[in-house]
Amino acid sequence: MNCKRCHHVDQIHEPSDKNHSLAKVGKCLIPQCSCTQYIDPIEEIDEDLL
């Protein structure tokens, strides 16, 4: 999945348990990127997917 803010993949974001995202990742690790918080592209979770 890509971040809704910076559009980079979740694998390039720093792991973080403090984040409320499904991927449990935080700021982007790309040097030129100023994204400080991963934002899930999915706004609503379908109960059937869980």
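Residues numbered from 1 in each chain as written. Predicted model: local features only at pLDDT ≥ 70, side-chain atom pairs only at ≥ 80, totals over all residues. Heavy atoms only, no water.

Novice: Hey, could you run me through the overall build of the protein chain in this one?
Specialist: Of the regular secondary structure elements, the protein chain holds zero helices and two strands. Residues classed as buried in the protein chain amount to 28% of the 50 residues present. Counted over contacts in the protein chain with a minimum sequence separation of 6, partners at least 24 positions apart contribute 33%. A total of about 4,000 Å² of accessible surface is found on the protein chain, and carbon and sulfur atoms cover 52% of it. (Helix = DSSP H or I, 4+ residues; strand = E, 2+ residues; numbered from the N terminus. Buried < 20%, exposed > 50% of the residue type's maximum accessible area, 1.4 Å probe, protein only. Contact = heavy atoms within 4.5 Å. Areas by Shrake-Rupley, 256 points an atom, 1.4 Å probe, with all protein chains shown as cover.)

Novice: How should I be thinking about the side chain of Asp40 in this particular structure?
Specialist: Residue placement: Asp40 occurs in the segment after β2 (25-28). Summary of buried charges: Asp40 has no salt-bridge partner, and the nearest side chain of opposite charge, Lys24, is 8.5 Å away. Residues within four places of Asp40 in sequence aside, it is in contact with Met1, Lys4, His20, Ser21, Leu22 and Ala23. (Lys, Arg positive; Asp, Glu negative; His and termini not counted. Salt bridge = Lys/Arg side-chain N within 4 Å of Asp/Glu carboxyl O.)

Novice: For this particular structure, what's the right way to read unusual backbone geometry?
Specialist: In this model, His7 sits at a positive phi of 70 degrees, which is unusual for a non-glycine residue. Its location among the elements puts His7 in the segment before β1 (13-15).

Novice: How should a nonpolar patch on the surface be read in this particular structure?
Specialist: Judged by side-chain polarity, Met1, Leu22 and Ile42 come together as a nonpolar surface patch covering roughly 280 Å² of accessible area. With respect to the helices, strands and loops of the structure, Leu22 is situated in the loop between β1 and β2. (Patch = residues over 30% accessible without salt bridge, like charges linked within 9 Å, V, L, I, M, F, W, Y side chains within 5 Å.)

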